[in-house]
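Geometric and topological summary
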Amino acid sequence: MKVIVQKFGGTSVATSQMRERVLHHIQSALTEDYQVVVVVSAMGRKGEPYATDTLLGLTKGEQLKNLSSREQDLLLSCGEIISASVLSSLLTHHGIENIVLTGGQAGIITNNQHSNAQIVSLNPKRLQEELKQGRVVIVAGFQGQTADGEITTLGRGGSDTTATALGVALQAEYVDIFTDVEGVLTADPRIVEEATSLEMVTYTEMCNLAFQGAKVVHPRAVEIAMQTNVPIRVRSTLSDGIGTLVVSRPERVGLAEISDRLITGITQMPNVTQIRIPADHLDQHLDVFRKMASNGISVDFISVTPSSIAYTVSDPLGELAKSLLIEMGLEPELYPSCAKVSVVGAGIAGVPGVMAKILEALTEEDVKVLQSADSHTTIWVLVPGDDMVKAIRALHRKFELHKY
């Protein structure tokens, strides 16, 4: 039989009404003769009793502030186990034979980096045995175990990673990522009302959209699926539509005309601080980035010339970065509250005039570009944060993304 992996996020399992929708999708897959593996996240979002962020908040209390990373992973793994068990009860009530497995029981072996573990191997034997018995297998997402049996968690987007890793191991026909939106959109619908759902995107485009702010699928999960070309479908829990298909090449699914699409979507990362530093010695360049790294400051949007350095950090880290640079005898200039706007499209590579069109759109709206960079699939521009919405809307109009 063919296998499908269905992943349901926290909002999809948070209420009895939403869990009924989850049940509907499982029943539909069974009707289509799939063997079904279901991956679940912890229920709800921060503030709700069993959400991951709520559990994490418990460690901030006076009695738990010294909890080790090992014990913290034990705590955080409970959210997905609770979610899986509640869903199991619903399926059993409806006569669907099922079994709940932790990440470790499902065969996910990780390294020992607690709170952000990496999967090092996956043995699907237990999963395959349960599927052969006609059971729906419900796997607690976001977690695995080390070779010596220690429970670990996989970091942000960990349930997406669980789902695609299982999909690869089981050679699934699809990995369905169920969310609260209708697939991958051309822009954030809260910013661009006419943003449209995309029928198909490539793995590379999806990774770039995810890395640059689109939160529908974690990029690590996409990279895992890409290794063996397991198709991902980004779908809405509230809809029966097939959503957005994520594959290696449009030609594989009879959508060759999409390969000519220039731009796929616009996304954004707000609340970043640009730092500019006059620096005319190579050793200064090296010292700056060593200083940032040794103090745990992640840098982005890096531009180095023989006489200067420019890069961005998240707004909360701006003042710390500034003080460290002043200690080094440098004179940094900070521009806080900026936004990194990304124009993503596999069709960008080798096409002249794309940057000119971007600047034309932004100039027409009087949006100042503070910095820019590009790759073969993405062009980034840094703009003042107050102009972010205006910039995204202008670019969406200029490239006529509403027509998709």
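Higher on the page you've got the structure.
Quick caveat: nothing in here was measured; it's all calculated off a predicted structure. (Residues numbered from 1 in each chain as written. Predicted model: local features only at pLDDT ≥ 70, side-chain atom pairs only at ≥ 80, totals over all residues. Heavy atoms only, no water.)

**Points about the sheet that holds strand S17 (residues 371-374)**
- Read across the sheet, six strands follow the order S14-S15-S13-S16-S18-S17 without closing on themselves; strand pairing throughout is antiparallel. Edge positions in the sheet fall to strand S14 (300-305) and S17, since each of these pairs with one other strand and no more. Across the sheet, the mean angle from the axis of one strand to that of its neighbour is 30°, orientation sign disregarded.
- Pairing between strand S16 (residues 333-344) and strand S18 (residues 378-384): seven bridges, direction antiparallel. Paired with Val-341 across the bridge in S18 is Val-381.
- Seen against the sheet, helix H10 (residues 354-364) touches S16, S17 and S18 and runs at an angle of roughly 25° to S18. (Pairing = 2+ DSSP bridges. Helix = DSSP H or I, 4+ residues; strand = E, 2+ residues; numbered from the N terminus. Axes fitted to C-alpha atoms, helices over the stretch in contact; angles between N-to-C directions. Contact = heavy atoms within 4.5 Å.)

**Digging into the packing of aromatic side chains**
- Counted under the stated rule, the structure contains two aromatic pairs.
- Ring plane angle 10° and centroid distance 4.6 Å describe the contact between Phe-8 and Phe-178, whose orientation is recorded as stacked. With Phe-8 in strand S1 (residues 2-8) and Phe-178 in strand S9 (residues 174-179), this pair connects stretches of sequence that are 170 residues apart.
- On the basis of relative accessibility, which here comes to 0%, the residue Phe-8 falls in the buried class.
- Residue placement shows Arg-233 over the ring face of Tyr-174; its charged tip is 3.9 Å from the ring centre.
- Positioned above the aromatic ring of Tyr-335 is the side chain of Arg-276, whose terminal nitrogen or guanidinium carbon lies 4.5 Å from the ring centre. (Phe/Tyr/Trp six-rings, centres within 6.5 Å; stacked < 30°, edge-to-face > 60°. Buried < 20%, exposed > 50% of the residue type's maximum accessible area, 1.4 Å probe, protein only. Lys NZ or Arg CZ within 6 Å of the ring centre and 35° of its normal.)

**Some points on the pattern of salt bridges**
- For the coordinates displayed, the defined rule picks out 18 salt bridges.
- A salt bridge links Arg-135 to Glu-130, with the nearest nitrogen and oxygen atoms 2.6 Å apart.
- Between Asp-188 and Arg-190 there is a salt bridge; the shortest N-O distance is 2.8 Å.
- Residue Asp-188 is classed as buried on the basis of its relative accessible area, which comes to 15%.
- Judged by relative accessible area, Arg-190 falls into the exposed class, the value being 73%.
- Within this structure, Glu-97, Arg-126, Glu-130 and Arg-135 form a network of salt bridges that share partners. (Salt bridge = Lys/Arg side-chain N within 4 Å of Asp/Glu carboxyl O.)

**Things to note about the sheet that holds S9**
- Pairing within the open sheet is mixed, and its eight strands lie in the order S3-S6-S2-S1-S9-S11-S12-S10. Two strands bound the open sheet, and with one partner strand each, they are strand S3 (98-101) and strand S10 (200-202). When strand polarity is set aside, the average angle formed by the axes of neighbouring strands in this sheet is 20°.
- Against the sheet, helix H6 (residues 203-211) makes contact with S10 and strand S12 (244-247), and its axis sits at roughly 85° relative to S10, the strand it touches most.

**Comments concerning the environment of Leu-131**
- For Leu-131, the location among the structural elements is in helix H4 (residues 125-132).
- Its relative accessible area of 5% is what places Leu-131 among the buried residues.
- Setting aside its immediate chain neighbours within four residues, Leu-131 contacts Val-3, Gln-35, Val-36, Val-37 and Val-137.

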